[in-house]
Amino acid sequence: MSEIQTNPQAYEDEIDLRELFLAMWKNKYVIISITLIAAILTALFSVFALSPVYRTNLDIVISMPEQYHTRYGEYTLPISTNDQYISFITSNTVLLNTVKDMEYDPKEVALEDLRKRITIGELDAAQADKQNTFHVTVSADNPAESLKLAETLYANYIEFMDMMTKETAASYYTNYFNTELRALELSLKSNQEILKKNEELLATTPQTINQKEAMEALQEDTNSLDYIVMENIINENYTKIENDIITTKQTIYSIQDSIQSYTEYLKDIDKEKEAIAQYYETGGADNIETGLISVVETGIHMPSQPVAPTRKTSPSNARNTIIGMVIGFMVSIMVVFVREFWLKKADGKGQTTRTQTVDSTTKDVS
C-alpha cells in the first residue's frame, strides 16, 4: 500500500495573499511616493512638453452631377462617387498650396505631417454611393491657426477640384474634336471627289433631249405617223446629276463649317489648358479664367462657415495624470514585490545554505 507524502517544499515558492497585503502595508509610503512622483512627472510633461491640439470642424456637402453642359457639349464627369471627391482634400497639390498660403516652412512642415493633421470622418461603406455629407477635422497648435488652416485648406480644395474637373474636360474635348476633325477631313475629301466627278459628268450630259429628231428617226424605221412629239424636253439624268451636285455642295459647306468650328474650339481649349497649367505652376487660381463652366461652385459647398475652437482637444492633463498615477502604482507594487519576496527570499536561501554547511562541517570534525 503506497503512502502519499506531503512535501513541505512544494509550497515554499508560493506567496500567501495575506503576506502580499502585509508587504504592501509595510511599504505603503514607498508605494505612495512612487505613485505621486509618477503622477507629478506625467502632469508636468503633459502641461509643458506636449503641444496643445485645437481642432476646427468642416462640414462639406458634395452633390456633383454625373453630367454638365459646356459650350462644347455635354460632358460626363469621370468620378462617380462622393467619397472619391472628398479624398482629394488631402491630395499633394492641395497640401502644397496650403503650405504655401499658410507660409509654412516646407522643411519644417512636411506633406505627410500636414496630412496627419487632417481627418476625414468615418465613411459608411454601405452608403458610399449615397453619402453626400462629410465631416473633416483640421488640427493645429492654437485656435486661430486651426481656423485659418481649415479655411485655407477648403479654399485650395475647391480650387483644385475646379481645375481638375476643367482639365479632364479639356483633355476629353481635345481628343474628341481631333478625332472628329480627322473624320470630317476624310468626309470632305470624299465629297469633293464626288462633286468633281458629278461636275465632269454634268458637263458631258445634255440639259435637254430633242424628242422630235429622235421620233423622226423612229418613224423612218416604222413608217408610222401616229406620234405627237415635242421638239425639246428636259433631260432627267441632267436634273438628277445637278441635284446631286447641289446636295454634295451643301454637305461640303456643312463639313467646312464644322471643321472651322472645331478648329476654333481647339484653339480656345488650348488657351484653357494653358490657364490650367499656369494654376499647377503657380499654385493659385487667381486671375485665371476659363470658358468651361465651374460645376464645383454649386456641386461642393459648406452649409455653415467653420468657427475657431474654444478649448483644446488634446492633450488631456487630467487623463494623462491619472494614467501616470496608475503606471506609478503598478511600478511601486513591482518594487515592493521584488524587495519583499524575491530579494529577501534569495537572502534567506543563502543563509540556510550557509547554516547547513557549518553544521555538516561540525559533524565531520566530531
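All of these numbers come straight from a predicted model, not from anything done at the bench. (Residues numbered from 1 in each chain as written. Predicted model: local features only at pLDDT ≥ 70, side-chain atom pairs only at ≥ 80, totals over all residues. Heavy atoms only, no water.)

Remarks on the overall build of the chain
Part 1 of the reasoning: Of regular secondary structure, the chain possesses ten helices and eight strands.
Part 2 of the reasoning: Out of the 366 residues belonging to the chain, those deemed buried represent 32%.
Part 3 of the reasoning: Of the contacts made within the chain by residues no fewer than 6 positions apart, 80% connect residues no fewer than 24 positions apart.
Part 4 of the reasoning: Just so you have it, the chain exposes about 24400 Å², and 55% of that area is on carbon and sulfur atoms. (Helix = DSSP H or I, 4+ residues; strand = E, 2+ residues; numbered from the N terminus. Buried < 20%, exposed > 50% of the residue type's maximum accessible area, 1.4 Å probe, protein only. Contact = heavy atoms within 4.5 Å. Areas by Shrake-Rupley, 256 points an atom, 1.4 Å probe, with all protein chains shown as cover.)

Structural notes on the confidence of the model for the chain
Part 1 of the reasoning: On average, residues of the chain carry a pLDDT of 81, and 78% of them reach 70 or more.
Part 2 of the reasoning: Here residues 1-6 is a poorly scored stretch, pLDDT under 50, and it has zero contacts once near neighbours within four places are set aside; other chains count.
Part 3 of the reasoning: Contacts for the low-pLDDT stretch residues 361-366, under 50 throughout, to residues beyond four places or in other chains number zero contacts. (pLDDT = per-residue confidence, 0-100.)

Examining the nonpolar core
Part 1 of the reasoning: Core analysis: the largest hydrophobic core is formed by 58 residues, its most contacted members being Ile60, Ile62, Tyr157 and Ile300.
Part 2 of the reasoning: Contributing elements (two or more residues each) for this core: strand E1 (54-62), helix H3 (82-87), helix H4 (92-101), strand E5 (133-140), helix H6 (143-204) and helix H8 (236-282).
Part 3 of the reasoning: With near-sequence residues (within four places) excluded, Ile300 lies in contact with Ile60, Val61, Ile62, Met64, Tyr154, Tyr157, Ile158 and Met161. (Core = buried A, V, L, I, M, F, W, Y, C linked by side-chain atoms within 4.5 Å.)

What about the sheet that holds E5?
Part 1 of the reasoning: With antiparallel pairing, four strands are arranged side by side in an open sheet as E4-E5-E1-E8. Looking at strand neighbours, the two that pair on one side only are strand E4 (118-120) and strand E8 (300-301), the edges of this open sheet.
Part 2 of the reasoning: As paired strands, E1 and E5 are joined by eight bridges and run antiparallel to one another. Within the sheet, the bridge partner assigned to Tyr54 lies in E5 and is Ala140.
Part 3 of the reasoning: Across the sheet, H6 touches E1, E4, E5 and E8, and the angle it forms with E1 is around 25°. (Pairing = 2+ DSSP bridges. Axes fitted to C-alpha atoms, helices over the stretch in contact; angles between N-to-C directions.)

Some words on H4
Three or four residues apart is the spacing at which side chains of an α-helix point the same way, because the helix has 3.6 residues per turn.
Part 1 of the reasoning: Where H4 is concerned, the buried positions are Val94, Leu95, Asn97, Thr98 and Val99.
Part 2 of the reasoning: Packed against the buried residues of H4 are helix H5 (111-116), E4, H6 and H8.
Part 3 of the reasoning: A positive phi of about 60° marks Glu103, the residue just after H4.

Some details on unusual backbone geometry
Part 1 of the reasoning: The backbone phi angle of Glu103 is positive, close to 60°, even though this residue is not glycine.
Part 2 of the reasoning: Positionally, Glu103 belongs in the loop between H4 and H5.

Observations regarding the packing of aromatic side chains
Two aromatic rings, taken as a pair, are described by how far apart their centres are and by the angle between their planes.
Part 1 of the reasoning: This model, assessed by the stated rule, comprises 15 aromatic pairs.
Part 2 of the reasoning: The interplanar angle of 40° and the centroid separation of 5.3 Å between the aromatic rings of Phe177 and Tyr265 together place this pair among those described as tilted. Of this pair, Phe177 sits in helix H6 while Tyr265 sits in helix H8, and the two are 88 residues apart along the sequence.
Part 3 of the reasoning: A residue is classified by how much of its surface remains accessible, and Phe177, at 1% relative accessible area, is buried.
Part 4 of the reasoning: For Tyr265, a relative accessible area of 24% gives the class partly exposed.
Part 5 of the reasoning: Relative to Tyr280, the ring of Tyr279 has its centre 5.0 Å away and its plane inclined at 70°; by these criteria the two rings are edge-to-face.
Part 6 of the reasoning: Owing to a relative accessible area of 32%, Tyr280 belongs among the partly exposed residues under this scheme.
Part 7 of the reasoning: Pairwise contacts between aromatic rings join Tyr68, Tyr72, Tyr75, Tyr172, Tyr173, Tyr176, Phe177, Tyr262 and Tyr265 into one cluster.
Part 8 of the reasoning: Geometry around Trp25 places Lys28 over its ring, the cationic atom sitting 4.2 Å from the centre. (Phe/Tyr/Trp six-rings, centres within 6.5 Å; stacked < 30°, edge-to-face > 60°. Lys NZ or Arg CZ within 6 Å of the ring centre and 35° of its normal.)

Examining the side chain of Ser332
Part 1 of the reasoning: On the secondary structure map, Ser332 appears in helix H10 (residues 317-365).
Part 2 of the reasoning: Residues contacting Ser332, with those up to four places away along its chain left out, are Val30, Ile31, Ile34 and Thr35.

Re the pattern of salt bridges
Part 1 of the reasoning: Inspection of the entire model under this criterion finds five salt bridges.
Part 2 of the reasoning: For Asp162, the salt bridge is made with Lys166, and the minimal N-O distance between the two is 3.3 Å. On the criterion of helical spacing, the pair formed by Asp162 and Lys166 is a turn pair, its members being four residues apart in helix H6.
Part 3 of the reasoning: The buried category is assigned to Lys166, whose relative accessible area is 7%.
Part 4 of the reasoning: Two residues, Lys240 and Asp244, come together in a salt bridge whose shortest N-O distance is 3.2 Å. Taken together, the positions of Lys240 and Asp244, both in helix H8 and four residues apart, correspond to about one turn of that helix.
Part 5 of the reasoning: Given the relative accessible area of 30%, Asp244 is considered partly exposed. (Salt bridge = Lys/Arg side-chain N within 4 Å of Asp/Glu carboxyl O.)

Details of the pairing of E5
Part 1 of the reasoning: Of all eight residues in E5, six are buried, a share of seventy percent or more.
Part 2 of the reasoning: Two strands pair when backbone bridges link them, and E4 and E5 are joined in this way by three bridges, in the antiparallel orientation. Within E5, the residue paired with Thr119 across the bridge is Thr137.

Section: the side chain of Thr70
Part 1 of the reasoning: In this structure, Thr70 sits in strand E2 (residues 67-70).
Part 2 of the reasoning: In this structure the side chain of Thr70 is engaged in a polar contact, spanning 3.2 Å, whose partner is the side chain of Tyr173. (Polar contact = N/O pair within 3.5 Å; in protein donor to acceptor, adjacent residues only side chain to side chain.)

Some details on the pairing of E1
Part 1 of the reasoning: When E1 meets E8, the two strands line up antiparallel, connected through two bridges. The residue bridging Ile62 from the neighbouring strand is Ile300, located in E8.

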